[in-house]
Amino acid sequence: MYETVFEAQEKALSMVKPGVQASVIHNVVCNLFEERGYHTYRSGSKAGFTHSTGHGVGLDIHELPGVGESNFLLEAGNVITIEPGLYYPGIGGIRLEDMVLVTEKGCENLTRLEKKFVLKSFL
């Protein structure tokens, strides 16, 4: 699951640039998950990928542009999250969430944390 979420996030990040429709990025993430055998909400599933790929960040924590089914065109200066995840009851969940600034030529990742899989048990 981790490798698939990581790949989905990397693919989404590579697509972020001005003029790209937010829904195109979101659908690529959903397609990748479905191709790997994971569920998405597009099929009505309550497990798997159950939310949008991201959202805008500004005065409110969740604001436009939404990186989901929105036809919003990304613009330079937008600050958005890219946060694909998979969640399965009885197994667990994985989400990778980065905040990026849309630049004239792509995006600048504002998240500086390393990405590594850590397994924690809360039992």
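Refer to the preceding data block for the structure.
A short tour of the structure in this document, coming up. Every residue gets a number counted from 1 within its own chain, in the order that chain's sequence is written. Under the rules for a predicted model, residues below a pLDDT of 70 receive no local features and side-chain atom pairs below 80 are neither given nor counted, while totals for whole chains, interfaces and linings still include all residues. Side-chain figures throughout are based on the complete set of non-hydrogen atoms in the structure, without hydrogens or water.

Some thoughts on the overall build of the protein
Step number 1: The secondary structure content of the protein amounts to two helices and seven strands.
Step number 2: Only DSSP runs of H or I covering at least 4 residues are called helices, and only runs of E covering at least 2 are called strands; the numbering of each starts at the N terminus. Walking the protein from its N terminus toward its C terminus, one meets helices and strands in the order α-α-β-β-β-β-β-β-β.
Step number 3: In terms of principal-axis extent, the alpha carbons of the protein reach across some 45 × 30 × 25 Å.
Step number 4: Across the 123 residues of the protein, 41% fall into the buried class.
Step number 5: The contact rule is simple, with two residues in contact once any of their heavy atoms fall within 4.5 Å. Restricting to contacts in the protein with at least 6 residues of sequence separation, those with at least 24 account for 57%.
Step number 6: Looking at charge distribution, the protein has the averaged site of its 11 positive side-chain charges lying 4 Å from that of its 15 negative ones. With a 1.4 Å probe rolled over the protein chains alone, any residue whose accessible area is under 20% of its type maximum counts as buried; one over 50% counts as exposed, and the rest are partly exposed. When charges are counted, neither His nor the chain ends are considered; positive counts come from Lys and Arg and negative counts from Asp and Glu. By convention, charge coordinates are those of NZ in Lys, CZ in Arg, CG in Asp, or CD in Glu.

Some words on the pairing of strand β6 (residues 98-102)
Step number 1: Of the two faces of β6, the one holding Asp98, Val100 and Val102 is buried and the one holding Met99 and Leu101 is not buried anywhere.
Step number 2: Relative to β6, strand β3 (residues 79-82) is paired through four bridges, and the arrangement is antiparallel. What sits directly across from isoleucine 82, in β6, is aspartate 98.
Step number 3: We call two strands paired when DSSP finds no fewer than two bridges between them. By the bridge criterion, three bridges tie β6 to strand β7 (residues 107-109) in an arrangement that is antiparallel. Paired with valine 102 across the bridge in β7 is cysteine 107.
Step number 4: Where β6 hands over to β7, the hairpin turn is made up of four residues, counted between the paired strands.

Here's the deal with helix α1 (residues 2-15)
Step number 1: Multiply 1.5 Å by the residue count of a helix minus one, and that product is the helix's expected span. Between its first and last C-alpha atoms α1 spans 20 Å; for 14 residues at 1.5 Å apiece the expected length is 20 Å, and the two agree.
Step number 2: Residues Tyr2, Thr4, Val5, Ala8, Gln9, Ala12, Leu13 and Met15 constitute the buried set of α1. One side of α1 carries all its buried residues, which in axial view fall inside an arc of 165°. In α1, those exposed residues whose orientation departs by more than 90 degrees from the buried face are Glu3 and Ser14.
Step number 3: Contacts made by the buried residues of α1 are with α2 (22-35), β3, β4 (85-88), β5 (92-95), β6 and β7. To be clear, the arc concerns the directions from the helix axis to the C-beta atoms.

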